[in-house]
Amino acid sequence: MKRVFALALVFVMVFSMAACANNADVNKKSEGVMTWAQYDAAALDSDVVIECYVQGHQSWWDNKITVYAQDPDGGYFLYELECSEEDAAKLVPGTKIQVKGYKSAWEGEVEVMGGTFKIMEGKWIAEATDVTDLLGKDELIKHQNKKVVFKGMTIEAIEYKNGEPGDDIYVTVSKDGQSYDFCVERYLTDPDTAVYKAVGELKAGDKVDIEGFLYWYQGVNTHITGVTKK
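Since the structure is predicted, the reported quantities are computational estimates derived from the model, not experimental observations.

(A) Structural detail: the overall build of the chain. For the chain, the count of helices and strands is four helices and 11 strands. At a minimum sequence separation of 6, the contacts of the chain that also span at least 24 residues come to 54%. A total of about 12600 Å² of accessible surface is found on the chain, and carbon and sulfur atoms cover 53% of it.

Right, dumping it as structure tokens:
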């Protein structure tokens, strides 16, 4: 019995050490690379160098790709990175990349523009952060571009851009009497995806949990990647 307990204790210790090592690797930055806090504090139009992990991306086109990325401290929106079609196929969720570009903002969305990247060793996929209680609060914007979840939302309206399926879906949701505009971005989740079809079937009054990337357009404008009807 003592031997079994000792072996179990050793296993737990080894597992814990491995988990700590993996966590340390995830947080590790190369020399000259900004932490998320340094990036967050950097002035607009200044050059930035970051390392982060791909969580999703929009469709590749014209040697450019727009990436939703994250590290354990914060999110990044990498707008139209220079990218070959061959490299685009390598940007699966979890891929670590180093990005050089400049920090910009458009209608409240902070992003990296004019960027180039290289693929690094390492893998990490973020868990969605529950930010439901931050709706309507100033703190919400600190989670901008992260993978998030909003729970217990009520659908108010579903509207297709240009009036019919095939383009973006504008989703008006509410919580505690306040309304918010979310979006199914067709270049992220195209009309053939399950989430596009599921959102298109929702009706006013439906209660849902919504997962997505916390994009910003004149306020919170989450790009939806998952929906669960209650």
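(B) A look at the pattern of salt bridges. The tally for this structure, following the rule as stated, stands at seven salt bridges. Linking Glu-51 and Lys-96 is a salt bridge whose minimum nitrogen-to-oxygen distance equals 3.8 Å. Of the two residues, Glu-51 is situated in strand β1 (residues 47-57) and Lys-96 in strand β4 (residues 95-106); the sequence distance between them amounts to 45 residues. Accessibility classification places Glu-51 together with Lys-96 in one group, the buried group. A salt bridge links Lys-229 to Asp-206; the nearest nitrogen and oxygen atoms lie 3.8 Å apart. Of this pair, Lys-229 sits in strand β11 (residues 223-229) while Asp-206 sits in the loop between α4 (194-200) and β10 (207-213); the two residues are 23 residues apart in sequence, bridging distant segments of the chain.

(C) Main features of the packing of aromatic side chains. Enumeration over the complete set of coordinates arrives at nine aromatic pairs. Ring centres of Tyr-39 and Tyr-76 lie 5.1 Å apart, and the angle between their planes is 55°; on these two criteria the pair is classed as tilted. Separated by 37 residues along the polypeptide, Tyr-39 in helix α2 (residues 36-41) and Tyr-76 in strand β3 (residues 74-82) bring together distant segments of the chain. The same class applies to Tyr-39 as to Tyr-76, namely buried. Each ring, one from Phe-77 and one from Tyr-215, has its centre 5.2 Å from the other, and the planes form 70°; the classification is edge-to-face. One end of the pair, Phe-77, is in strand β3; the other, Tyr-215, is in the loop between β10 and β11, and 138 residues separate them in sequence.

(D) Main features of the pairing of strand β2 (residues 64-71). With respect to burial, β2 is a largely interior element, seven of its eight residues being buried. Across four bridges, β1 lies against β2 in antiparallel orientation. Residue pairing for β2: His-57 is matched across the bridge by Val-67. Linking β1 back to β2 in an antiparallel pair, the connection comprises six residues, with Asp-62 at a positive phi of about 50°. For β2 and β3, the ladder comprises seven bridges, and the chain directions are antiparallel. Across the sheet, the residue bridging to Val-67 is Leu-78, located in β3. Hairpin connection, β2 to β3: the antiparallel pair is bridged by two residues.

What counts and what doesn't
- Residues numbered from 1 in each chain as written.
- Predicted model: local features only at pLDDT ≥ 70, side-chain atom pairs only at ≥ 80, totals over all residues.
- Heavy atoms only, no water.
- Helix = DSSP H or I, 4+ residues; strand = E, 2+ residues; numbered from the N terminus.
- Contact = heavy atoms within 4.5 Å.
- Areas by Shrake-Rupley, 256 points an atom, 1.4 Å probe, with all protein chains shown as cover.
- Salt bridge = Lys/Arg side-chain N within 4 Å of Asp/Glu carboxyl O.
- Buried < 20%, exposed > 50% of the residue type's maximum accessible area, 1.4 Å probe, protein only.
- Phe/Tyr/Trp six-rings, centres within 6.5 Å; stacked < 30°, edge-to-face > 60°.
- Pairing = 2+ DSSP bridges.

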